[in-house]
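An overview of the molecular structure
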Amino acid sequence: MQYAARIRLDITEAERQLAEFSALLEHLPKTRLEQILGDFDDAFLDVVLGDCVTATAADGAIEVLYPARLGLAFESFVSALRAGEVDILSHGGSLVG
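Structural notes, computed from the coordinates. Predicted model only: the values in this text are computed from it and were never measured. Just so you know, the residues in each chain are numbered from 1, in the order the chain's sequence is written. Only residues with pLDDT of at least 70 get local features here, since the model is predicted, and only at 80 or more are side-chain atom pairs given and counted; chain-wide, interface and lining totals rely on the full set of residues. Excluding hydrogens and water, the side-chain values take into account all heavy atoms of the structure.

This part takes up the overall build of the chain. What the chain contains, in helices and strands, is 5 helices and 4 strands. Each helix corresponds to a stretch of at least 4 residues labelled H or I by DSSP, and each strand to a stretch of at least 2 residues labelled E; elements are numbered beginning at the N terminus. Along the chain, from the amino end to the carboxyl end, the secondary structure elements read β-α-α-α-β-β-β-α-α. Residue exposure (1.4 Å probe, protein chains only): buried if accessible area is under 20% of the type maximum, exposed if over 50%, otherwise partly exposed. Per-residue burial for the chain yields a buried fraction of 24% across its 97 residues. Residue contacts are defined here by distance: any two heavy atoms, one from each residue, within 4.5 Å place the two residues in contact. For the chain, contacts bridging at least 24 residues in sequence account for 61% of all contacts bridging at least 6.

As structure tokens, then:
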């Protein structure tokens with residue numbers, strides 16, 4: 001017997017994270033943004049798939065939905081921005097321990 005499967009990502013949480021990030025960046029001067037964002041690429045590659053996976057079956061197809069969010073490096077960066085501690089990010093400081 002054959003089954004068709006679709007795997008999908010729910011990026012609702014990642015969109016919320018990016019909206020918060022964008023709002024925090026609006027308050028920084030452009031020169032500061034360029035300085036901080038230069039070393040930030042890795043945080044956008046840290047995608048975490050959630051534990052609350054749902055699977056449904058209809059019409060003989062199985063659909064699996066994974067919630068996705070940006071991980072620890074991104075959250076550490078946003079926390080530092082919220083706390084006003086962006087200096088650690090632009091002087092070679094690590095985003096994660």
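The rest of the description comes next.
Next up on the list: the side chain of Gln 17. As for its position among the elements, Gln 17 is in helix 1 (residues 12-25). Relative accessible area serves as the criterion here: at 1%, Gln 17 is assigned to the buried category. Once residues lying within four places of it in the same chain are set aside, the contact partners of Gln 17 are Arg 69, Leu 70, Phe 74 and Glu 75.

This part covers the pattern of salt bridges. We count a salt bridge whenever a side-chain nitrogen from Lys or Arg sits within 4 Å of a carboxyl oxygen from Asp or Glu. Inspection of the entire model under this criterion finds 5 salt bridges. Between Arg 16 and Glu 20 there is a salt bridge, with its nearest N and O atoms 3.3 Å apart. Taken together, the positions of Arg 16 and Glu 20, both in helix 1 and 4 residues apart, correspond to about one turn of that helix. Relative accessible area serves as the criterion here: at 40%, Arg 16 is assigned to the partly exposed category. By relative accessible area, which is 27% here, Glu 20 ends up partly exposed. Among the ionic contacts, a cluster of salt bridges with common partners joins Glu 13, Arg 16, Glu 20 and Arg 82.

Aromatic rings from Phe, Tyr and Trp, taking only the six-membered ring of Trp, are treated as a pair when their centres fall within 6.5 Å; an angle between ring planes under 30 degrees marks them as stacked, one over 60 as edge-to-face, and anything in between as tilted. Counting across every chain of the model gives 2 aromatic pairs. Following the ring pairs from residue to residue traces out a cluster consisting of Phe 21, Phe 74 and Phe 77.

Turning to helix 4 (residues 72-83), a few remarks are in order. With 12 residues, helix 4 should reach 16 Å at 1.5 Å per residue; the first-to-last C-alpha distance of 16 Å fits that figure. Turning to helix 4, its buried residues are Ala 73, Phe 74, Phe 77, Val 78, Ala 80 and Leu 81. Seen end-on, helix 4 carries its buried residues on one side only, within an arc spanning 160 degrees. Across helix 4 from its buried face, at more than 90 degrees, point the exposed residues Leu 72 and Ala 83. Backbone geometry just downstream of helix 4 places Gly 84 in the positive-phi region, at approximately 75 degrees. In this scheme, a helix's expected span is set at 1.5 Å multiplied by one less than its residue total. The directions considered for the arc run from the helix axis to the C-beta atoms.

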